[in-house]
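Coordinate inspection notes
Here is what each chain is made of, one letter per residue.
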Amino acid sequence: MEFSAKQIAEFIQGHVEGDENTTVNTFAKIEEGKAGAISFLSNPKYTHYLYETQSSIVLVNEDLVLEHPVSATLIRVKNAYESVAKLLQLYESMKPKKTGIDPLAFISPTAKIGKNCYVGAFAFIGEGVTIGDNTQIYPHVVIEDGASVGNSCLIYPNVSIYHDCRLGNDVTIHSGSVIGADGFGFAPSTEGYDKIPQIGIVIIEDHVEIGANTCVDRSTMGSTIIHQGAKLDNLVQIAHNVEVGENTVMSAQVGIAGSAKIGKWCMFGGQAGFAGHITVGDKTFVGAQCGVNSSVKGNESLIGSPAMEPKNFFKSSVLFKKLPDIYKQLNALQKEVDELKKLQSE
């Protein structure tokens, strides 16, 4: 399907600079542009590609100042990155969706499946499960007894959703993720460790996306909750009784220990770790590999381990690199002090 620059500009509320009748039928990175493709430029580091790209249309920010002529038709928008996201969403929504139940799937007679759903081969849907309308369950997904999945969800292959867990509408879970496994609860005893039964559930609200091989553990009691709009990357660990606020995003390998409460609109870099039973306030920005071991008020930026303000972290980093030299200087000073003490005692 082809779209003209004029049609695209109307959809994303942009302004065409060049031939408004130029058409495209695919997407391409600006450095790999080709005729018939649309690209975008949002990172200044890639600006030089704009003057050599073969893409037919390029989305650019309104304030971009051209230093050389360009051959592509430009569409100027307030935010090129957001605009290409809207176009990709439109493109994705136009793809035909699978429907129907594969004869090799197992669905309990007591389960309720909504309208226009897809259930792939070897999927297992247990007793009392409810699946909303327009939801897609791919092959080898396991949804255990009593669980519920809302409307327009997308559950990719090999996802496991344990018993009684609840998913809202428009939830996407990528392959290999596990929702509702037991939280890590053990009580030390004279003979080892006694398992503490995890009798709670996981609640995932609307518009949440969970990456591949991510685990969200069920609570000891009550619920582990991922609030609406949150986005979790691959390989994230959410422990029992954690609460993740609305629209919070986490990069790969973030780990949240038990009973931590995470606020709204937070952003966590890869491999950041959070101690249990702490509270992290709204709009907290945490850098990669940061270790947060105490509560945070919110509206803060933290990096390093242990976590600290960026300014203090950079000062500490400079000193850390100089520690071997500082150590030598301290040893030399100590020797001088010892020699002076000797001279004074003689």
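Above: the structure in question.
This write-up is about the structure you can find in this document. The structure displayed is predicted, hence computed values, not measured ones.

1. Examining the overall build of the protein
- A count of helical and extended segments in the protein gives four helices and 39 strands.
- Its C-alpha radius of gyration of 27 Å places the protein more than 25% over the 20 Å reference for a compact globule of 346 residues.
- If you line up the protein on its principal axes, its C-alpha atoms span 95 × 70 × 30 Å.
- For the protein, buried positions account for 39% of its 346 residues.
- Long-range contacts, defined as pairs at least 24 residues apart, comprise 17% of the intrachain contacts of the protein with a sequence gap of at least 6.

2. Digging into the pattern of salt bridges
- Here the structure, examined in full by the defined rule, presents four salt bridges.
- One salt bridge connects glutamate 17 with arginine 76, and the closest N-O pair in it is separated by 2.7 Å. With glutamate 17 in strand β2 (residues 15-17) and arginine 76 in strand β7 (residues 73-77), this residue pair connects regions lying 59 residues apart in the sequence.
- In this structure arginine 76 comes out as buried when scored by relative accessible area, which is 13%.
- The partner of lysine 29 in a salt bridge is glutamate 32, and the shortest N-O contact between them spans 3.5 Å.

3. Observations regarding the nonpolar core
- By size, the foremost hydrophobic cluster in this structure holds 51 residues, and its most contacted members are Ile161, Ile238, Ile256, Phe268 and Phe274.
- Dropping the residues within four chain positions of it, phenylalanine 268 is found in contact with Val249, Met250, Ser251, Val254, Ile256, Ile262, Phe274, Val280, Thr284 and Val286.
- Ala5, Ala9, Ile12 and Leu87 belong to the second largest nonpolar core, which has 14 residues in total.

4. Quick look at the pairing of strand β22 (residues 186-189)
- Where β22 and strand β23 (residues 192-195) come together, four bridges link them in antiparallel fashion. If you follow alanine 187 over to β23, its bridge partner there is aspartate 194.
- In this structure, the hairpin formed by β22 and β23 is closed by a connection of two residues.

5. Here we look at the sheet that holds strand β17 (residues 154-155)
- An order of β8-β11-β14-β17-β20-β25-β28-β31-β34-β37-β39 is seen for the 11 strands of this open sheet, with the pairing classed as parallel. Strands at the two margins of the open sheet, each flanked by one partner only, are β8 (100-101) and β39 (301-302).
- Relative to strand β11 (residues 118-119), β8 is paired through two bridges, and the arrangement is parallel. Within the sheet, the bridge partner assigned to glycine 100 lies in β11 and is tyrosine 118.

6. Description of the layout of surface pockets
- Looking at the largest pocket, its volume works out to about 1,200 Å³.
- In this structure, the largest pocket is lined by 32 residues; those nearest its centre are Leu88, Gln89, Glu92, Thr172 and Glu209.
- Per element, the largest residue contribution to the lining of the largest pocket is seven residues, and it comes from helix α3 (residues 80-93).
- A breakdown of the residues in the lining of the largest pocket according to their chemical character gives 15 nonpolar, nine polar and eight charged.
- Considering only enclosed or pocket space, the second largest pocket measures out at about 320 Å³ in volume.
- Secondary structure elements with two or more residues in the lining of the second largest pocket: α1 (5-12), β4 (26-27) and α3.
- Partitioned by chemical class, the residues of the lining of the second largest pocket number 11 nonpolar, three polar and one charged.

7. Observations concerning unusual backbone geometry
- In this structure, the amide linkage connecting serine 305 to the following residue, proline 306, adopts the cis form with an omega of 5 degrees.
- Topologically, proline 306 is positioned in the loop between β39 and α4 (310-345).
- Of note in this structure, histidine 207 is not a glycine but carries a positive phi near 60 degrees.
- Taking relative accessible area as the criterion, histidine 207 reaches 40% and is therefore assigned partly exposed.

8. Let's talk about the side chain of threonine 135
- Structurally, the position occupied by threonine 135 is in the loop between β13 (130-131) and β14 (136-137).
- Here glycine 150 takes part through its backbone oxygen, which lies 2.7 Å from a polar atom of the side chain of threonine 135.

9. Here's the deal with a nonpolar patch on the surface
- Together, Leu319, Phe320, Leu323, Ile326, Leu330 and Leu333 make up a nonpolar patch on the protein surface, roughly 590 Å² of accessible area in all.
- If you trace the backbone, isoleucine 326 turns up in helix α4.
- Note on isoleucine 326: relative accessible area 31%, which makes it partly exposed.

10. Points about the environment of asparagine 331
- With respect to the secondary-structure elements, asparagine 331 resides in helix α4.
- For asparagine 331 and serine 148, which are 183 residues apart along the polypeptide, the C-alpha to C-alpha distance reads 66 Å.

11. With respect to the packing of α1 against α3
- It is the contact of α1 with α3, at a shortest axis distance of 10 Å, that shows an interaxial angle of 105 degrees. Compared by their axis directions, α1 and α3 come out roughly perpendicular. Facing α1, whose interface residues are Ile8, Phe11 and Ile12, α3 presents Ser83, Lys86, Leu87 and Leu90.
- Its residues placed into classes, the contact of α1 with α3 shows five nonpolar, one polar and one charged.

Criteria and cut-off values
- Residues numbered from 1 in each chain as written.
- Predicted model: local features only at pLDDT ≥ 70, side-chain atom pairs only at ≥ 80, totals over all residues.
- Heavy atoms only, no water.
- Helix = DSSP H or I, 4+ residues; strand = E, 2+ residues; numbered from the N terminus.
- Rg over C-alpha atoms; globule rule 2.2 N^0.38 Å.
- Buried < 20%, exposed > 50% of the residue type's maximum accessible area, 1.4 Å probe, protein only.
- Contact = heavy atoms within 4.5 Å.
- Salt bridge = Lys/Arg side-chain N within 4 Å of Asp/Glu carboxyl O.
- Core = buried A, V, L, I, M, F, W, Y, C linked by side-chain atoms within 4.5 Å.
- Pairing = 2+ DSSP bridges.
- 1 Å grid on protein atoms, 1.4 Å probe; cavity = no way out; pocket = protein on both sides within 12 Å on 5 of 7 lines; lining within 4 Å.
- Points joined across faces, edges and corners; volume = space filled by probe spheres on them.
- Nonpolar A, V, L, I, M, F, W, Y, C, P; charged D, E, K, R; others polar.
- Polar contact = N/O pair within 3.5 Å; in protein donor to acceptor, adjacent residues only side chain to side chain.
- Patch = residues over 30% accessible without salt bridge, like charges linked within 9 Å, V, L, I, M, F, W, Y side chains within 5 Å.
- Areas by Shrake-Rupley, 256 points an atom, 1.4 Å probe, with all protein chains shown as cover.
- Axes fitted to C-alpha atoms, helices over the stretch in contact; angles between N-to-C directions.
- Parallel < 35°, antiparallel > 145°, perpendicular 65-115°, else oblique.

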